[in-house]
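Results of the structural survey
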Amino acid sequence: MSSETPLERYIVFGYKTVGKKWRRRIEVSRFYHSGPVRGVKPFFEARVGKGHIASFLDSISAQYKRISDNIIVVYGSDPDYYIRRAIVYTGIRQYIDPGAYEIRELVAKMSEIETVFWYSKLIYAYENSGYWGVYRVAKSFRTLYRI
């Protein structure tokens, strides 16, 4: 008799100060495999607010709950399915002008192979090159899908 607990992935929202000349605070979303711990770097970070992510998770019928105003927990038997799609969405969404909403439907309709491909490219770019590496991947995505 095994007592399997459902897997959980965390999305934590916060603010980041950017800019050298004009300092400004922007809202960021940080993705964690387990609960957020001080000093532990997230495996992905995007400059997308909680409203965009919550509406995207609703549109793909993900199981999630809000622990607090700044934390969303995606749970279920396979939360990575939804987290991969959320990372592709946020990774691309942060570089597209606010009027381009077809990205939500595009990411929701992607096959699993396409999703894993873009997810792995975005994660690799974030780990190795940071913000500008993710920008290059997003630009390739925009060019390929003509957004």
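Keep in mind the model is a prediction, meaning the values are calculated, not measured.

1. Comments concerning the packing of helix H2 (residues 79-93) against helix H5 (residues 131-145)
The description of two helices packed together rests on the angle between their axes and the distance between the axes. The contact between H2 and H5 brings their axes to 9 Å, and the two run at 95°. If you check the angle between H2 and H5, you find them roughly perpendicular. For the pair H2 and H5, the contacting residues are Val 88, Gly 91 and Ile 92 in the first and Val 134, Ala 138 and Phe 141 in the second. Within the contact of H2 with H5, the residues separate by chemical class into five nonpolar, one polar and no charged.

2. A short note on H5
Think of an α-helix as 3.6 residues a turn; residues three or four steps apart then line up on the same face. Along its 15 residues, H5 runs 21 Å from first to last C-alpha, staying within 8% of the 21 Å computed at 1.5 Å per residue. Buried positions along H5 lie against strand E3 (44-46), H2, helix H3 (102-109) and helix H4 (112-129). A positive phi of about 55° marks Arg 146, the residue just after H5.

3. Concerning unusual backbone geometry
Of note, Ser 61 is a non-glycine position whose phi angle comes to about 60°, a positive value. Along the chain, Ser 61 falls in the loop between helix H1 (50-59) and strand E4 (64-68). Positioned with a positive phi, Arg 146 is a non-glycine residue whose angle comes to about 55°. Mapped onto the elements, Arg 146 comes out in the segment after H5. What makes Arg 146 exposed here is its relative accessible area of 78%.

4. Remarks on the sheet that holds E4
Two orientations exist for strands paired in a sheet by backbone hydrogen bonds: parallel and antiparallel. Read from one edge of the open sheet, five strands run E3-E2-E1-E5-E4, paired in antiparallel fashion. Looking along the sheet, the strands with just one partner apiece sit at the ends: E3 and E4. Averaged over neighbouring strand pairs, the angle between their axes works out to 25° when direction is ignored. Pairing between strand E1 (residues 7-18) and strand E5 (residues 71-76): six bridges, direction antiparallel. Pairing of Glu 8 across the sheet is with Tyr 75, part of E5. Across the sheet, H2 is in contact with E1, strand E2 (24-32), E3 and E5; its angle to E1 comes to roughly 20°.

What counts, and at which threshold
- Residues numbered from 1 in each chain as written.
- Predicted model: local features only at pLDDT ≥ 70, side-chain atom pairs only at ≥ 80, totals over all residues.
- Heavy atoms only, no water.
- Axes fitted to C-alpha atoms, helices over the stretch in contact; angles between N-to-C directions.
- Helix = DSSP H or I, 4+ residues; strand = E, 2+ residues; numbered from the N terminus.
- Parallel < 35°, antiparallel > 145°, perpendicular 65-115°, else oblique.
- Contact = heavy atoms within 4.5 Å.
- Nonpolar A, V, L, I, M, F, W, Y, C, P; charged D, E, K, R; others polar.
- Expected span 1.5 Å × (residues − 1).
- Buried < 20%, exposed > 50% of the residue type's maximum accessible area, 1.4 Å probe, protein only.
- Pairing = 2+ DSSP bridges.

So, to be careful, I would describe these as geometric facts and stop short of saying anything about function.
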